[in-house]
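# Structural characterization, general
The residues making up each chain are set out below.
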Amino acid sequence: MMITPVLLCGGSGTRLWPLSRKSYPKQFVPLVGDETLFQASARRLSGTTETLQFSAPTVLTNSDFRFIVAEQLQAVGIDPGVILIEPEGRNTAPAVLAAALHCHAEDPAAVLLVAPSDHVVPDVAAFHAAVARGMEAVAQGQLVTFGITPAHPETAYGYLELAITPDSSGSPVPLKQFVEKPDLARATEMLEAGNFKWNAGIFLFRASDMIAAFREYAPELMAPVEEAVETAKPDLGFLRLNPDPWGQAKDISIDYAVMEKATNLSVVPFDAAWSDLGGWDAVWRESGPNADGVVTGGAATAIDCQNSLLRSDSDQLELVGIGLDNIIAVAMNDAVLVADSSRAQDVKAAVTALKKKGAPQATAFPKDHRPWGWFESLVVGERFQVKRIHVHPGASLSLQSHFHRSEHWIVVEGTARVTIDDQQQLVTENQSVYIPLGAVHRMENPGKVPMVLIEVQTGVYVGEDDIVRYEDKYARGQGAKG
């Protein structure tokens, strides 16, 4: 039977700051290996095996990430399928219900495999085997979740208490209850008991069974989510859920809304390696520490260090650690994190503190990704800003103007087709062009290689929201990102 993967990727993890931020969260970053977590998740839930067949994925994300989702799927050769745009984050219950309603309307017999897009599962074959075992329970009308066999007494995860101790077959077993994140003593007891599993937040079910569960256990969600799905509007290959009814849906997790109340819930034990990369300590473990327990990444060097993670995500910033023990050090162009490994789960407190002081590093990523490419600010002054702008082959920025700034463009790689009012010209490497204040302008990349230019803005205000769009091939509206 065909399985429709549902990938949830609208969240923003703060425990992996400064690499993961609200504007560009961890699922879109290559934290372990060359692929991003989102791409690895999509690959894991694609194709055909001896026992499983996956359709194109259904993805739920927000408006800011919609083009990133499509671009990253296409980069690994996966059909984007349906991308549902959530007008605002309402937690996992409305998201899962929206996916179930949409897929059920397309196919009343649809089977969905819902998974976060930021997990690491090295043994894909073992995961597929677990899904195949879960299909047996799904055929009997069960809602299936996957319980990870604990590798250590973890206090950052919720747990599943199984009604019986599972045998070696890995067959689905009944769930007794959900258990909240424990303290260390309780986590140690549960590890020794043998019938407790980590709650991975991965679910397998028939869409019709999940809709029935919502009608019984969370009926207040049905009307707003149904209306949001039924009145959703297509937008350049995306499907935008109606924001008015969606905003009336309760902000609640799928566990609280349905799973903790359902009586037809089974758990498939999963004994292979798994991680949600919920902190830098998890990244350290999954990255394979050397004999001294050290992991380095990017422009980082460790000298006489032990049990530490050193990572620089900036080619311009060399990170050197000397004599460190049990330390996490992560460097980027605009922020550096240094923490004791035992405090990895407290990194979110740094984000909270930065927000209170108004630091843009709390949420904004140095690179601002757009459907046409990306840009990064190199220098920002009181009345000027210098950017590097990268435009994908065949892509173009919107036809636009500014109220408060003029711009100078210097092409350093490739060729730009530049429109200024009613004039159009090609600007090649080492050439420049001036865009006066108020001029209606656009830059395009007509070539087959990326185009890179340096932009110098001058004016009384150089904020991203000083923009008026007249035409845009990506159908964005007004505002900084549209």
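Residues numbered from 1 in each chain as written. Predicted model: local features only at pLDDT ≥ 70, side-chain atom pairs only at ≥ 80, totals over all residues. Heavy atoms only, no water.

Counted only if it meets this: UniProt positions are given in the numbering used here, feature names are shortened, and annotations may be inferred rather than shown by experiment.
The protein chain goes by mannose-1-phosphate guanylyltransferase in an unreviewed UniProt entry, where it is assigned to Ruegeria profundi. UniProt annotates the protein chain under Sequence similarities (unreviewed entry) with the comment "Belongs to the mannose-6-phosphate isomerase type 2 family." Quoted verbatim from the Catalytic activity (unreviewed entry) heading of the UniProt record, the comment on the protein chain is "alpha-D-mannose 1-phosphate + GTP + H(+) = GDP-alpha-D-mannose + diphosphate".

### Notes on the overall build of the protein chain
Applied cut-off: Working definition: helices are DSSP H or I runs of at least four residues, strands are E runs of at least two. Numbering for both runs from the N terminus. Each radius of gyration reported is based on C-alpha atoms, and the globular scaling rule is 2.2 Å times the count of residues to the power 0.38. Each residue's exposure class comes from its accessible area (1.4 Å probe, protein chains only) as a fraction of the maximum for that residue type: buried when under 20%, exposed when over 50%, partly exposed otherwise. Computed with a 1.4 Å probe, the accessible areas rest on the Shrake-Rupley method; for each residue, only the protein chains presented here act as cover. Under the counting rule used here, the positive set is Lys and Arg, the negative set is Asp and Glu, and His together with the chain ends is not counted. In this description, the location of a charge corresponds to atom NZ of lysine, CZ of arginine, CG of aspartate or CD of glutamate.
In terms of helices and strands, the protein chain carries 11 helices and 29 strands. Since a compact globule built from 482 residues should have a radius of gyration of about 23 Å, the 24 Å found for the protein chain is in line with a globular shape. The principal-axis extent of the C-alpha atoms belonging to the protein chain is close to 75 × 60 × 45 Å. Here the protein chain holds 482 residues, and 52% of them are scored as buried. Looking at the protein chain as shown, the accessible area adds up to about 21,000 Å², and 50% of this sits on carbon and sulfur atoms. If the 39 positive side-chain charges of the protein chain are averaged to one point and the 59 negative ones to another, these points end up 4 Å apart.

### Things to note about the UniProt feature "domain: MannoseP isomerase/GMP-like beta-helix" (unreviewed entry) in the protein chain
The feature "domain: MannoseP isomerase/GMP-like beta-helix" (unreviewed entry), as given by UniProt, occupies residues 301-354 in the numbering adopted here. As annotated, residues 301-354 comprises 15% helix and 41% strand, and the C-alpha atoms at either end are separated by 28 Å.

### Some points on the side chain of His 390
Keep this limit in mind: Note on contacts: a residue pair is in contact if any heavy atoms of the two residues lie within 4.5 Å.
Along the chain, the position of His 390 falls in strand 21 (residues 384-391). Relative accessible area serves as the criterion here: at 15%, His 390 is assigned to the buried category. Ignoring anything within four residues of it in the chain, the contact list for His 390 reads Trp 372, Gly 373, Trp 374, Pro 450, Met 451 and Val 452.

### A short note on the pattern of salt bridges
Where we set the bar: A pair is scored as a salt bridge if a Lys or Arg side-chain nitrogen falls within 4 Å of a carboxyl oxygen belonging to Asp or Glu.
For the coordinates displayed, the defined rule picks out 19 salt bridges. Salt-bridge contacts for Arg 206 lead to Asp 209; the nearest nitrogen and oxygen are separated by 2.8 Å. We classify Arg 206 as partly exposed; its relative accessible area is 26%. A salt bridge links Lys 387 to Glu 464; the shortest N-O distance between them is 2.5 Å. Residue Lys 387 is found in strand 21, and its partner Glu 464 is found in the loop between strand 28 (451-459) and strand 29 (468-471); the two are separated by 77 residues along the sequence.

### Describing the sheet that holds strand 15 (residues 308-312)
What counts here: Pairing between strands is defined by DSSP: at least two bridges between the two strands are required. As a rule, the C-alpha atoms of each element are fitted with a line to give its axis, helices using only the stretch in contact, and angles between N-to-C directions run from 0 to 180 degrees.
If you trace the four strands from one edge of the open sheet to the other, you get 13-15-17-18, paired in mixed fashion. Lying at the two open borders of the sheet, with one neighbouring strand each, are strand 13 (294-298) and strand 18 (336-340). Strand after strand, the sheet turns through a mean of 5° between neighbouring axes, direction not considered. In this structure, strand 17 (residues 327-331) lies alongside strand 18, joined through five bridges in antiparallel fashion. In the sheet register, Ala 329 faces strand 18, and the bridge partner there is Val 338.

### A word on helix 3 (residues 92-106)
For the record, the criterion: To estimate the expected span of a helix, subtract one from its residue number and multiply by 1.5 Å.
When the terminal C-alpha atoms of helix 3 are compared, their 21 Å separation across 15 residues agrees well with the 21 Å that a helix rising 1.5 Å per residue should span. By the burial criterion, the buried members of helix 3 are Ala 93, Pro 94, Ala 95, Val 96, Leu 97, Ala 98, Ala 99, Ala 100, Leu 101, His 102 and Cys 103.

### Description of empty space enclosed by the protein
Keep this limit in mind: Within this scheme a cavity is a closed region of a 1 Å grid, computed over the protein atoms alone, that accommodates a 1.4 Å probe without allowing it to escape, whereas a pocket is open but has protein on both sides within 12 Å along at least five of seven lines; lining residues each have an atom within 4 Å of a point. Grid points are joined across faces, edges and corners, and a volume is the space filled by probe spheres set on the points.
Here the structure, examined in full by the defined rule, presents three cavities of 30 Å³ or more. Of the volumes computed, that of the largest cavity is approximately 230 Å³. Lining the largest cavity are 23 residues, and of these Trp 372, Leu 397, Gln 400, Glu 464 and Ile 467 lie nearest its centre. Within the residue set of the lining of the largest cavity, elements represented by two or more residues are strand 21, strand 23 (405-413), strand 27 (441-444) and strand 28.

### Side note on a nonpolar patch on the surface
Quick note on the threshold: A residue counts toward a patch only above 30% relative accessible area and without a salt bridge, and it is joined to like-charged neighbours within 9 Å or, for Val, Leu, Ile, Met, Phe, Trp and Tyr, to nonpolar neighbours within 5 Å.
A cluster of nonpolar side chains, Ile 303, Val 320 and Ile 322, forms an exposed patch at the surface whose accessible area comes to about 280 Å². The topology assignment puts Ile 322 in strand 16 (residues 319-322). Judged by relative accessible area, which is 61%, Ile 322 ranks as exposed.

### A look at the sheet that holds strand 19 (residues 367-370)
Within the open sheet, the six strands sit side by side as 19-20-21-28-23-26. Their pairing is antiparallel. What marks the edges here is a single partner per strand, and that holds for strand 19 and strand 26 (432-435). On average, each strand axis in the sheet is inclined to that of its neighbour by 20°, with strand direction left out of account. Sheet topology places strand 21 next to strand 28; eight bridges connect them, and they run antiparallel. Bridge pairing in strand 28 links Val 391 to Met 451.

### Some details on the UniProt feature "domain: Nucleotidyl transferase" (unreviewed entry) in the protein chain
Under the feature "domain: Nucleotidyl transferase" (unreviewed entry), the UniProt entry names residues 5-286. With 34% helix and 22% strand, residues 5-286 has its two end C-alpha atoms placed 24 Å apart.

### Focus: the pairing of strand 24 (residues 416-420)
With respect to burial, strand 24 is a largely interior element, four of its five residues being buried. Pairing of strand 24 with strand 27, which is carried by four bridges, proceeds in the antiparallel orientation. Looking at strand 27, one finds that Ile 420 is bridged to His 441.

### Observations regarding the layout of surface pockets
As a reminder of what qualifies: Classes in brief: Ala, Val, Leu, Ile, Met, Phe, Trp, Tyr, Cys and Pro nonpolar; Asp, Glu, Lys and Arg charged; the others, Gly included, polar.
The volume enclosed by the second largest pocket comes to roughly 1,200 Å³. Where the lining of the second largest pocket is concerned, the elements lending two or more residues are helix 2 (66-75), strand 13, strand 15, strand 19 and strand 20 (373-380). Its residues assigned to classes, the lining of the second largest pocket shows 20 nonpolar, 13 polar and nine charged.

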